[in-house]
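# Structural characterization, general
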Amino acid sequence: MPDTAQLELELLRDIAAARDEASLEAVRVAALGKNGSITALLKTLGTLQPEERKAQGPSINGLKDRVNAALAARRDEFKSATLEARLNTEGVDVTLPVRETAAEIGRVHPITQVIDELTTIFADMGFAVAEGPDIETDDYNFTKLNFPQDHPAREMQDTFFFNPKPDGSRLLLRTHTSPVQVRTMLSQKPPIRVICPGRTYRCDSDQTHTPMFHQVEGVVIDKGSHLGHLKWILAEFCKAFFEVDHVNMRFRPSFFPFTEPSLEVDIQCRRDKGEIRFGEGDDWLEILGCGMVHPNVLKNCGLDPDAYQGFAWGMGIDRIAMLKYGMADLRAFFEADVRWLSHYGFRPLDLPTLAGGLSS
Ligand code: DAH
């Protein structure tokens, strides 16, 4: 009769004495492997008489189950000790700053941001965006806009001309976005409601002028458009753009060949320790030129001035960007200095919306 109790004692002692998974496995093999002590006992069951088997069976199987349970329990102890050791050595410092991905480090240039902002505002009022080429004809940049030939106004704009072609005509870099008005009137039927943001060029460079800069033009042509509409549109734009509840505007008479009457618009502001606040104060700041589209321009673009009338405005995008975001030197816009851009730029996924905020 085998002494299962003695065997059990020894096995349990060996299990408790095992120092690691390898020595525990050796104990298991010695007991339950092919030539193990318990396996040997189990094998004897087949040779016993039924009566004896009835007595031995439960005792040997009980031994096997208890040894298996003890092995499993010891294995669990090893596992939790390993996990404990890992947890102690592999700490994560959640207070460390998150390393940003390239897409998150990139910044949207303030000019792009401001174009997105103003497009959002005017799109909400029902304006479409129209575009034209940077290289223009003299005809679209000046003549169709009612600049008389040899009129000093052509020189006033410090135009970059290309060399004359054999036929004497000269291409130029557009000096304003107004030729897009002409292109739009020539290609679309009224009612017209477009804005034309884009690059413009003049031979000029100082703290507030660069040879390339940006303008946004607006044009509305319909049967009953009048200056009241223009005033409302500009006031709504300024409030939305500068993110204030109220702006005071001043319309001063001016001159542009392509509008009659022509006006310049100032907005009221307060200059305070290098900061500008809108909607308060007793200073005025010029932000745009505008007027009723001159009947000659309508005629030049194939529209009947007795049937249609409209208004237009032109605004410097760089200037309103500088005003809104407090940037003092226009030249920095074009220097591509990443330190400047990471300070003044915008996060690429923060798209301006009227509901969510333009400049969040
Ligand atoms: N084109 C003008 C400029 O560059 C700005 C301007 C003034 C545009 C009045 C307009 C306008 O459409 O109506 O100085």
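Residues numbered from 1 in each chain as written. Predicted model: local features only at pLDDT ≥ 70, side-chain atom pairs only at ≥ 80, totals over all residues. Heavy atoms only, no water.

A word on the overall build of the protein chain. Along the backbone of the protein chain there are 13 helices and ten strands. Over its C-alpha atoms the protein chain spans a radius of gyration of 42 Å, topping by over 25% the 21 Å that the globule rule assigns to 360 residues. Overall size of the protein chain, expressed as C-alpha extent along the three principal axes, is 125 × 50 × 45 Å. Taken over 360 residues, the protein chain has a buried fraction of 39%. A separation threshold of at least 6 residues defines the contact pool for the protein chain, and within that pool the share at least 24 residues apart is 64%. Of the roughly 20,100 Å² of accessible surface on the protein chain, 54% is carried by carbon and sulfur atoms. One finds the centroid of the 40 positive side-chain charges in the protein chain at a distance of 5 Å from the centroid of its 52 negative side-chain charges. (Helix = DSSP H or I, 4+ residues; strand = E, 2+ residues; numbered from the N terminus. Rg over C-alpha atoms; globule rule 2.2 N^0.38 Å. Buried < 20%, exposed > 50% of the residue type's maximum accessible area, 1.4 Å probe, protein only. Contact = heavy atoms within 4.5 Å. Areas by Shrake-Rupley, 256 points an atom, 1.4 Å probe, with all protein chains shown as cover. Lys, Arg positive; Asp, Glu negative; His and termini not counted. Charge placed at Lys NZ, Arg CZ, Asp CG, Glu CD.)

Looking now at the site of the ligand. Around the ligand, 15 residues are found, and the nearest of them are H176, S178, R202, Q215 and E217. Between the ligand and the protein, one listed contact pairs a nitrogen atom with a side-chain N or O atom of S178 at 3.0 Å. In this structure, R202 approaches the ligand through a side-chain N or O atom, which is 2.8 Å from an oxygen atom. Elements that contribute at least two residues to the shell around the ligand include exactly α9 (178-187), β5 (212-222), β9 (283-293) and β10 (309-316). Across the shell around the ligand, the residue classes break down as five nonpolar, eight polar and two charged. (Near = heavy atom within 4 Å. Polar contact = N/O pair within 3.5 Å; in protein donor to acceptor, adjacent residues only side chain to side chain. Nonpolar A, V, L, I, M, F, W, Y, C, P; charged D, E, K, R; others polar.)

A few words now on the nonpolar core. Residues L118, F122, F237 and W313 are the most contacted members of the largest nonpolar core, which totals 47 residues. Sorting the residues of this core by element identifies α6 (110-124), β5, α10 (227-242), β7 (259-272), β9, β10 and α12 (317-325) as the ones contributing at least two each. If you tally residues by element for this core, the top one is α10, at eight residues. Within the second largest apolar cluster, 20 residues are counted, among which are F142, L145, V182 and I221. (Core = buried A, V, L, I, M, F, W, Y, C linked by side-chain atoms within 4.5 Å.)

This brings us to the pairing of β10. Taken together, the eight bridges between β5 and β10 define a ladder with antiparallel strand orientation. Residue V216 lies in a different strand from β10, and its bridge partner there is M315. (Pairing = 2+ DSSP bridges.)

Attention shifts here to unusual backbone geometry. Note the cis peptide between P190 and P191, where omega equals 0 degrees. Position of P191 among the secondary structure elements: in the loop between α9 and β4 (192-201). For the peptide bond that leads from E260 to P261, omega is -5 degrees, which places it in the cis range. By the secondary structure assignment, P261 is in strand β7. Not every positive phi belongs to a glycine, and N146 is a case in point at roughly 75 degrees. With a phi angle near 55 degrees, E243 is a residue other than glycine that sits in the positive phi range. Assignment of secondary structure puts E243 in the loop between α10 and β6 (249-256). A relative accessible area of 40% means that E243 is categorised as partly exposed.

A word on the pattern of salt bridges. Applying the stated criterion across every chain, the model contains 18 salt bridges. D139 serves as the salt-bridge partner of K144, at 2.9 Å between the closest nitrogen and oxygen. The partner of K324 in a salt bridge is E243, and the shortest N-O contact between them spans 2.8 Å. Highlighted residues: K324 in helix α12 and E243 in the loop between α10 and β6, separated in sequence by 81 residues. (Salt bridge = Lys/Arg side-chain N within 4 Å of Asp/Glu carboxyl O.)

On to the domain arrangement of the protein chain, then. If you check the domain split of the protein chain, you get domain 1 (4-89) and domain 2 (105-344). With centres defined by C-alpha atoms, the gap from domain 1 to domain 2 works out at 89 Å. (Domains from an automatic or database assignment.)

Next up on the list: α12. The buried fraction of α12 is high, at eight of nine residues. Buried within α12 are the following residues: I317, D318, I320, A321, M322, L323, K324 and Y325.

Okay, the packing of helix α1 (residues 4-17) against helix α2 (residues 21-32) next. Packing of α1 against α2 leaves a shortest axis separation of 8 Å and a crossing angle of 160 degrees. Here α1 is positioned roughly antiparallel relative to α2, judged by the angle of their axes. At the point where α1 passes α2, the crossing takes the left-handed sense. Of α2, the residues touching α1 (which contributes L11, D14 and I15) are L24, V27 and A31. Taken together, the residues that form the contact of α1 with α2 break down as five nonpolar, no polar and one charged. (Axes fitted to C-alpha atoms, helices over the stretch in contact; angles between N-to-C directions. Parallel < 35°, antiparallel > 145°, perpendicular 65-115°, else oblique. Left-handed = near helix turned anticlockwise from the far one by under 90°.)

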